[in-house]
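Residues per chain are reported as follows:
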Amino acid sequence: MSDQFEMIGKRIKQRRTELKIKQNTLADMVHVSNNHLSAVECGRERPSLETILNICHELNTTPDFILLGNMHPNDVPQNIADGIRLCNPEDQKLARDFIELLIERRPTKK
């Protein structure tokens with residue numbers, strides 16, 4: 001079970017760094033201490049449901065992604081999701097790299 005919470009923490013940290021949000025900034029945004037958020041990201045502490053939902057809101061992602069590592073199908077147009085599924089693994093990686101580039105270009109929250 002602790003492996004699941006480590007993965008949740010890794011996904012939170014991954015998304016936070018993609019958006020270039022500092023850990024202490026996110027902690028302030030979701031009304032938890034920086035120490036608690038750090039422990040969540042390392043899998044040492046379990047976040048409350050309220051904290052998970054606040055993190056998802058601030059990181060513009062879904063609980064499905066944070067909890068399970070999946071994007072909810074309603075977040076991506078069906079033709080795009082279907083197209084990516086038809087690609088070979090190398091092309092899927094290229095699509096992921098392109099999406100990450102688009103994310104980097106987005107303005108960051110202050």
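Just so it is clear, the model here is predicted, and its values are computed rather than measured. (Residues numbered from 1 in each chain as written. Predicted model: local features only at pLDDT ≥ 70, side-chain atom pairs only at ≥ 80, totals over all residues. Heavy atoms only, no water.)

Draft legend 1. The pattern of salt bridges, seen in detail. Enumeration over the complete set of coordinates arrives at four salt bridges. Note that aspartate 97 and lysine 93 form a salt bridge whose closest N and O atoms lie 2.9 Å from each other. Pair noted here: aspartate 97 and lysine 93 are both in helix H7 (residues 89-105), with a separation of four residues, about one helical turn. What makes lysine 93 partly exposed here is its relative accessible area of 42%. Put simply, glutamate 100 and arginine 96 hold a salt bridge, and the shortest N to O gap is 4.0 Å. Here arginine 96 and glutamate 100 lie together in helix H7, a separation of four residues that amounts to about one turn. Look at glutamate 100 and you get partly exposed, because its relative accessible area is 30%. (Salt bridge = Lys/Arg side-chain N within 4 Å of Asp/Glu carboxyl O. Helix = DSSP H or I, 4+ residues; strand = E, 2+ residues; numbered from the N terminus. Buried < 20%, exposed > 50% of the residue type's maximum accessible area, 1.4 Å probe, protein only.)

Draft legend 2. Representation of the nonpolar core within the structure. Formed by 19 residues in total, the largest nonpolar core has its most connected members in Ile12, Ile21, Leu26, Leu37, Ile55, Leu59 and Ile66. At the level of elements, helix H1 (2-18), helix H2 (23-29), helix H3 (34-42), helix H4 (49-58) and helix H5 (63-68) are the ones that each hand at least two residues to this core. With residues near it in sequence (within four places) discarded, isoleucine 12 still touches Leu26, Leu37, Val40, Glu41, Ile55, Leu59 and Ile66. (Core = buried A, V, L, I, M, F, W, Y, C linked by side-chain atoms within 4.5 Å. Contact = heavy atoms within 4.5 Å.)

Draft legend 3. Examining unusual backbone geometry more closely. Located in the positive-phi region is lysine 20, a residue other than glycine, with phi close to 60°. On the secondary structure map, lysine 20 appears in the loop between H1 and H2. Although it is not a glycine, asparagine 60 sits at a positive phi angle of roughly 50°. Along the chain, asparagine 60 turns up in the loop between H4 and H5. In this structure asparagine 60 comes out as partly exposed when scored by relative accessible area, which is 49%.

Draft legend 4. A look at the confidence of the model for the protein chain. Taken residue by residue, the protein chain gives an average pLDDT of 86. The fraction at 70 or more is 89%. Highest mean pLDDT in the protein chain belongs to H2 (97); lowest belongs to helix H6 (residues 78-86) (75). (pLDDT = per-residue confidence, 0-100.)

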